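Tertiary structure, described
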Amino acid sequence: MNIQWYPGHMTKTRRQIEADLKNVDMVAEIIDARIPVASRNPDIDAIVGSKPRLIVLNRADQADPAGNRAWRAWFQDRGCTVLETDAKTGAGVGQFSITIKEALKDQIARWREKGQVGRIVRVMVVGIPNVGKSTFINKVAKRKSAKAGDKPGVTRGKQWVAVDAGLDLLDTPGILWPKFEDERIGLNLAFTGAVKDEVMDAETLACHLMETLAERYPDALQERYKLELPPVSGQLEGLAYGYNLLERAARKRGFLISGGEPDTERMAKILLDEFRGGKLGRFTLELPESV
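Residues numbered from 1 in each chain as written. Predicted model: local features only at pLDDT ≥ 70, side-chain atom pairs only at ≥ 80, totals over all residues. Heavy atoms only, no water.

Section: the sheet that holds strand β5 (residues 159-164)
Here six strands make up an open sheet; going across it, the order is β3-β2-β1-β4-β6-β5 and the pairing mixed. Where the open sheet ends on each side, the last strands, each with one partner, are β3 (81-84) and β5. Mean inter-strand twist for the sheet, computed between neighbouring axes without regard to direction, equals 25°. Inspection of the sheet shows β5 paired to strand β6 (residues 167-171) by five bridges, in the antiparallel sense. Bridge pairing in β6 places D164 opposite L167. (Pairing = 2+ DSSP bridges. Helix = DSSP H or I, 4+ residues; strand = E, 2+ residues; numbered from the N terminus. Axes fitted to C-alpha atoms, helices over the stretch in contact; angles between N-to-C directions.)

Considerations on helix α3 (residues 65-77)
Between its first and last C-alpha atoms α3 spans 19 Å; for 13 residues at 1.5 Å apiece the expected length is 18 Å, and the two agree. Those residues of α3 that sit buried are G67, N68, W71, W74 and F75. Along the axis of α3, the buried positions cluster into a sector of 130°, meaning they face one direction only. What points out from α3, more than 90 degrees from its buried face, is the exposed set R69 and D77. Contact partners of the buried residues in α3: β1 (26-32), β2 (53-58) and β3. Measuring from the backbone nitrogen of A66 back to the side-chain oxygen at the start of α3 gives 3.0 Å, which picks out D64 as the cap. Directly beyond the C-terminal end of α3, a positive phi value near 85° is found at G79. (Expected span 1.5 Å × (residues − 1). Buried < 20%, exposed > 50% of the residue type's maximum accessible area, 1.4 Å probe, protein only. Arc of directions from axis to C-beta. Contact = heavy atoms within 4.5 Å. Polar contact = N/O pair within 3.5 Å; in protein donor to acceptor, adjacent residues only side chain to side chain.)

Keep in mind these numbers describe shape, not what the thing actually does.
In structure tokens:
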């Protein structure tokens, strides 16, 4: 799968981020805790440089707790502050302002020494489309300031959002990179809905997801869809294995079409919806050793 998705506004966004960096004290990068590699723009490290960084592991409630611990340690080892959140429910979001000011306490102390008491801390918020960035900002600000949506590419222009008397956020449009060189990166983004569903056939994507979950979290599949997972064999491996599981799940759910054939198209949509909605369980599809 070779996804090419780089609208012109994303080129403009990168230039905008680079220009605005001089106006902020810290960068908060929102990533999806389920796919911390795929949901990070690899250009961000080069763009941000030495600017202090907060990594927000969003959707941490849907990620494997062991995975969250592993990623927290990995980012902290690289000098980043880490905060686990669930922007939808607001879990962890209340710690955002405290975490920012603690991370910048030395800088704030230097401002005070210079007589800049009460200087507002300005934080740029970045992230690829559909990692929950706008929802996160709205929860932090306790009002609907940033436009939120389920489809990628909702935020179009930058906007400043006041959080409290001492903290302002600069919201930026979601930014992806020009090309997904690694097929697994593209698949993981598609699993979570970070790229538009129109980019890839839903049944094919669901087969890949079935295959991935059977390998990494077989118990979750067996419990949710009452499946017996067949052994991987020469004729039943890869995408064929995933399709076999999709058929089995469709039959278990009673999704049949004329002739008693399983309705794999309907099952594919259900699988993707339930995975994205957290109904299948808590999964981390990428671990630090894969970096």
